[in-house]
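Residue-level listing of the chains:
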Amino acid sequence: MKLFRHGATGQERPGLIDAQGIYRDLSDVVDDITGATLTKQVQQRLRTLDTSRLPALPAAIRLGPCIAKVHNFIGLGLNFADHAAEAKLPIPQHPLVFNKAPTCIAGPHDPLIIPPGSRELDYEVEMAVVLCQDAWQVSEAHALDYVGGYCLSNDFTDRYWQNHYAGQWTIGKSAPGFGPLGPWLVTADDIPNPGDIQLALSVNQQRKQYANTSGMIFNVAQVISYVSRFFRLSCGDVITLGTPAGVGLATGSYLKPGDKITASGGILGEQHIQILPG
């Protein structure tokens, strides 16, 4: 299934894309798309719906972040060897984990307003995983049982903030709009192999990133198992799994007002984001 959220910012409602590609409203079925919506029981109920009876939505609707009520928004650094190389950093021996403030989450097509003081705004196309149950001390063998679905992510980062404030990655990755998710969330049953998703990103129609998730150093199961060793993950938490080579950091070519970013992830859909001045 492909689940999404639609409507004005802060007033989003749940939706589902039917087999014919029609966007349908789910407001009479579930309250929202959250971790609780992704439990096996609720997913099974959604699969049995007669979607033709759900209200169809107009094509011009705004799509919000595809998941709501995110408690932990976790990022993974240097999870592609080529990106570690362009950053001139060693390949990590363990997943390099950081937090993004959940308040940075935005819709997949919302414009990104450059925050005050930002100097080196960069892009990072990624795949993200959303949990469908709490996870604590999870083994790799069972880690995928905790996955409710996957979505496209863009881990926007201000490199100046990241690298010139005692290496505090979180403050460079958490401004409003720095975490667009969607356009939709694809339930785990529709992605049997998360290690085979094609990611791409272009700036002003010039391709910057192109790689497959098979190139990740640590796969989804390894990441969930590793993080759950140190703190309890909550149902609905999001882990964005790292970016391949091609970011602005490598060339010093950062985003500026007017730039248009297109990020894609195959079945995960596309994001279209314009950079606006602050």
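One structure accompanies this document, and this report is about it.

Calculation rules
Residues numbered from 1 in each chain as written. Predicted model: local features only at pLDDT ≥ 70, side-chain atom pairs only at ≥ 80, totals over all residues. Heavy atoms only, no water. Helix = DSSP H or I, 4+ residues; strand = E, 2+ residues; numbered from the N terminus. Rg over C-alpha atoms; globule rule 2.2 N^0.38 Å. Buried < 20%, exposed > 50% of the residue type's maximum accessible area, 1.4 Å probe, protein only. Areas by Shrake-Rupley, 256 points an atom, 1.4 Å probe, with all protein chains shown as cover. Lys, Arg positive; Asp, Glu negative; His and termini not counted. Charge placed at Lys NZ, Arg CZ, Asp CG, Glu CD. Pairing = 2+ DSSP bridges. Axes fitted to C-alpha atoms, helices over the stretch in contact; angles between N-to-C directions. Contact = heavy atoms within 4.5 Å. Phe/Tyr/Trp six-rings, centres within 6.5 Å; stacked < 30°, edge-to-face > 60°. Lys NZ or Arg CZ within 6 Å of the ring centre and 35° of its normal.

## Quick word on the overall build of the protein
Move 1: In terms of helices and strands, the protein carries 5 helices and 18 strands.
Move 2: A compact globule built from 278 residues should have a C-alpha radius of gyration of about 19 Å, and the protein, at 18 Å, falls within 12% of that.
Move 3: Along the first, second and third principal axes, the C-alpha atoms of the protein reach 55 × 45 × 30 Å.
Move 4: Within the protein, the fraction of its 278 residues that count as buried is 55%.
Move 5: With the model as given, the accessible surface of the protein reaches about 12000 Å², and the carbon-plus-sulfur share is 52%.
Move 6: Seen as two clouds, the 21 positive and the 25 negative side-chain charges of the protein have centres 2 Å apart.

## What to know about the sheet that holds strand S13 (residues 185-187)
Move 1: The strand order across the open sheet formed by 9 strands is S3-S2-S1-S13-S10-S9-S16-S4-S5, and the pairing between neighbours is mixed. Each edge of the open sheet carries a strand with a single partner, namely strand S3 (23-25) and strand S5 (96-100). Sheet twist, expressed as the average angle between the axes of neighbouring strands with direction ignored, equals 30°.
Move 2: Bridge count between strand S1 (residues 2-6) and strand S2 (residues 13-17): 5 bridges; the pairing is antiparallel. Along S2, the bridge assignment pairs Phe4 with Gly15.
Move 3: Against the sheet, helix H5 (residues 220-228) contacts strand S4 (73-77), S5, strand S9 (125-131), strand S10 (147-154) and strand S16 (238-240), and its axis sits at roughly 60° relative to S9.

## Let's talk about the packing of aromatic side chains
How two aromatic rings sit relative to each other is given by the distance of their centres and the angle of their planes.
Move 1: Applying the stated criterion to the full structure yields 4 aromatic pairs.
Move 2: A centroid spacing of 4.9 Å and a plane angle of 55° characterise the contact between Phe4 and Tyr23, whose relative ring orientation is tilted. Pair noted here: Phe4 is in strand S1 and Tyr23 is in strand S3, with a separation of 19 residues, a long-range link.
Move 3: Ring geometry for Tyr160 against Tyr165: centres 6.2 Å apart, planes inclined by 80°, an arrangement best described as edge-to-face.
Move 4: Owing to a relative accessible area of 19%, Tyr160 belongs among the buried residues under this scheme.
Move 5: In this arrangement the basic side chain of Arg119 is found over the ring face of Tyr160, its NZ or CZ atom lying 4.0 Å from the centre.

## Re the pairing of S9
Move 1: Counting buried positions over the 7 residues of S9 gives 7, a clear majority of the element.
Move 2: The alternating pattern of S9 places Val125, Met127, Val129 and Leu131 on one face and Glu126, Ala128 and Val130 on the opposite face, and all of these are buried.
Move 3: Bridging between S9 and S10 involves 7 bridges; their strand directions are antiparallel. Of the residues in S10, the one forming a bridge with Leu131 is Val147.
Move 4: Sheet topology note: the S9/S16 ladder contains 3 bridges and is antiparallel. Across the sheet, Val130 pairs through a bridge with Val238, a residue of S16.

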